[in-house]
Each structure stands twice: as structure tokens, then as C-alpha cells.
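# Overview (structure and organization)
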Amino acid sequence: MNKLSLAKRTQILAMLCEGSSMRSISRVADVSINTVSKLLVEAGEACLSLHDETVRNVKASRIQCDEIWSFCHAKEKNVAKAKAAPEGAGDVWTWTAIDADTKLIVSYYVGDRSGESAMTIMDDLRTRLANRVQLTTDGHRAYLEAVEGAFGADVDYAQLVKIYGPTASAPGRYSPADCKGIKKIRREGNPDIAHVSTSYVERQNLTMRMSMRRFTRLTNAFSKKFDNHVHALSLYFVFYNFCRIHKTLRMSPAMAAGVTDRLWSLEDVIARIDADAPAPAKRGPYKKRG
């Protein structure tokens, strides 16, 4: 069986993490688009397991949560008339929870913007924390029941609600409304109002859009399959947490949070891919075609 060299696989994964499109990677690395897609799937599955196993018992003091929009195959309003829309087509929301001090992505979830998705990420976040934290979210109502169900009274929770002015752009053009002010609302416990903020998690949203081609607006680089969208995100989060030096921290977020004691490389991800790969089966007897 033909197998790409370690250097070639590392190059492909690095380009995926730096925002290159899959077809540009296939041209630069001189491999087929199917090879890039297959490696993305393998890396995504490995990174899902790596994050789930390693990001545990995190000691944090301030957690910020937010959700970022993208879509698969077609936007939600166009799914009904789209040709052969697969399962999972439409709007996709990525929920993230970041440690404001170490910039570690503690938990993430890919789904819709419903209360069920909010409950899923809050339940997962609760299992990964080692202590009581101050939690800040935006004004999305789904967080209220989700935080109550996951943490109960064992959290200092506040919402930062932004007050927007009227949209000044022409219909059909993307332009966010101007933020006219904010309102900080205590919801549970005794949060420090001075630290009620979503600035770090919103800056992380920008990093995501810059680091994954499928998040780029107004292009045809969007995800065509929901599963590949999840694989790209899981690869990105492991790369961000473990393999990339944060310019402010001068180390990776995982090192700052005490999750690991060294800087990982993409070769560690490839080693996990190889470890998870099934053993090659014994080749059966040759059968002559009739």
C-alpha cells in the first residue's frame, strides 16, 4: 500500500491549519484532492480523541463562551432548493469556551444554535473544569437554562448584552450593525463585573476565520459535508491549543494551562493517526476474473 512520507503529511496538515484551500494544497503538495481529503478525515478523528483525552481537569478562573456561524453545502434559506443537499446542510454554529488567562479552548461543539446545543457544550465544559469559575456569555437566551442545568449554583455567571444600532447597509450586503453600548447582567453567584467580557472569545472567532479557508465569507470555499467541517475544526483546535505558540503567552495555550509540559508538533498528530489505524489485514487468495 502506498503511503505518503511523514514530511509530506506534515506539510499538508500545516497548510490545512494555516488557511489554505484543499485544492491549493493538492497543487502545492503535488497530491490528489482525495489524498488531502482522506488525511483531513484521519487527522480530524485523531484530534477529536486527543482533545477529549488531554483537556481534562483544567484549572481556570475566567471562562468566556460564544458561538460563530458558518454553513455546509448551502445557507439555511437555500437548502430547500439546493440540489442533492446532504444531511447536515444549512447553517452550522461552532460553540467555544476559552480560558481568558491561558487562551486555552477548553470545550467546543458543532451544531445548531438551539438550547440543546447550548446544554451540550455546557455539560461538556463542566466535566473538563477542576474548580469553580467565573463564566461570561453573550445575551443568547439558550445559555440561561444550559448554565443552570450544568453548573447549578456552583458558578459565578454573568451575561454581556450588546446594544446595536440600526443596520445601515443596503439589503443583501453583509455589514454588521454598529454596537452602541453594552449591558452586564449578573445571573448566578457573585461574578466580578470588571471581568465580565467576551473579548477573548470573540478574538478567537476571528482567528478561526483566518485559519480555516472554509470559514472565509463570500467565497465558494465553504464546507460541502458536515463531517468534514467537524474534522477541520477538531484539527484546528488541537493545532491551536498544543502546536502553536501564542504571541502573548510565548508558549502554547495548553502549556500555559498546565495541560502539557511541552510544545507539540503536527508529527504528534500523525503519530496518533498511525496508532489509531487498523492493522493491515492479511491478503486473501488471488481470484482470477471470469
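Since the model is a prediction, treat every value here as computed from it, not as a measurement.

Moving on to the side chain of His 140. By secondary structure assignment, the location of His 140 is in the loop between β4 (134-137) and α5 (142-151). Of the polar contacts made by the side chain of His 140, one reaches the backbone oxygen of Arg 113; its length is 3.1 Å. If we skip the residues at most four places from it in the chain, His 140 touches Glu 67, Trp 95, Arg 113 and Gln 159.

Bringing unusual backbone geometry into the picture now. A positive phi angle is found at Ala 84, which is not glycine, with a value near 50°. Looking at the element boundaries, Ala 84 is found in the loop between β1 (62-72) and β2 (90-99). On the basis of relative accessibility, which here comes to 71%, the residue Ala 84 falls in the exposed class.

Of all eleven residues making up β1, ten are buried, and the element is well covered by its neighbours. Note that β1 and β4 share three bridges and pair parallel. Each bridged residue has a counterpart across the sheet, and for Arg 62 the counterpart in β4 is Gln 134.

Within the structure shown, the criterion is met by seven aromatic pairs. Taking the centre distance of 5.6 Å and the plane angle of 35° together, the rings of Trp 69 and Phe 71 count as tilted. Exposure remark for Phe 71: the relative accessible area of 14% places this residue in the buried category. On the numbers, 4.2 Å between centres and 25° between planes, the contact of Phe 242 with Trp 264 is stacked. With Phe 242 in helix α7 (residues 226-243) and Trp 264 in the loop between α8 (253-256) and α9 (266-276), this residue pair connects regions lying 22 residues apart in the sequence. Taken individually, Phe 242 and Trp 264 each receive the classification buried, so the pair is uniform in this respect.

The six strands lie next to each other as β3-β2-β1-β4-β5-β6, forming an open sheet whose pairing is mixed. Here the strands that pair on one side only, and so sit at the sheet edges, are β3 (105-111) and β6 (179-188). For this sheet, the mean angle separating the axes of adjacent strands, direction not counted, is 20°. Sheet strands touched by α7: β1, β2 and β3. Its angle to β3, the strand with the most contacts, is close to 170°.

In the structure shown here, the tally under the stated rule is 15 salt bridges. One salt bridge in this structure joins Asp 154 and Arg 132, with 3.5 Å as the shortest N-O distance. Taken as a pair, Asp 154 in the loop between α5 and β5 (156-164) and Arg 132 in the loop between α4 (115-128) and β4 lie far apart in primary sequence, 22 residues in all. The class of Asp 154 is partly exposed, set by a relative accessible area of 31%. Judged by its relative accessible area of 38%, Arg 132 falls in the partly exposed class. Notably, a salt bridge pairs Asp 276 with Arg 272, separated by 3.0 Å at the nearest N-O pair. Taken together, the positions of Asp 276 and Arg 272, both in helix α9 and four residues apart, correspond to about one turn of that helix. For Arg 272, a relative accessible area of 18% corresponds to the buried category. The structure contains a network of salt bridges with shared partners spanning Asp 52, Arg 56, Asp 124 and Arg 128.

A word on the pairing of β4. Here β4 shows a buried face lined by Gln 134 and Thr 136 and a second buried face lined by Leu 135 and Thr 137. Pairing of β4 with β5, which is carried by four bridges, proceeds in the parallel orientation. Each bridged residue has a counterpart across the sheet, and for Gln 134 the counterpart in β5 is Asp 156. Read from β4 through α5 to β5, the crossover connection turns out right-handed.

Rules and cut-offs
Residues numbered from 1 in each chain as written. Predicted model: local features only at pLDDT ≥ 70, side-chain atom pairs only at ≥ 80, totals over all residues. Heavy atoms only, no water. Helix = DSSP H or I, 4+ residues; strand = E, 2+ residues; numbered from the N terminus. Polar contact = N/O pair within 3.5 Å; in protein donor to acceptor, adjacent residues only side chain to side chain. Contact = heavy atoms within 4.5 Å. Buried < 20%, exposed > 50% of the residue type's maximum accessible area, 1.4 Å probe, protein only. Pairing = 2+ DSSP bridges. Phe/Tyr/Trp six-rings, centres within 6.5 Å; stacked < 30°, edge-to-face > 60°. Axes fitted to C-alpha atoms, helices over the stretch in contact; angles between N-to-C directions. Salt bridge = Lys/Arg side-chain N within 4 Å of Asp/Glu carboxyl O. Right-handed = clockwise from strand over helix to strand, strands pointing away.

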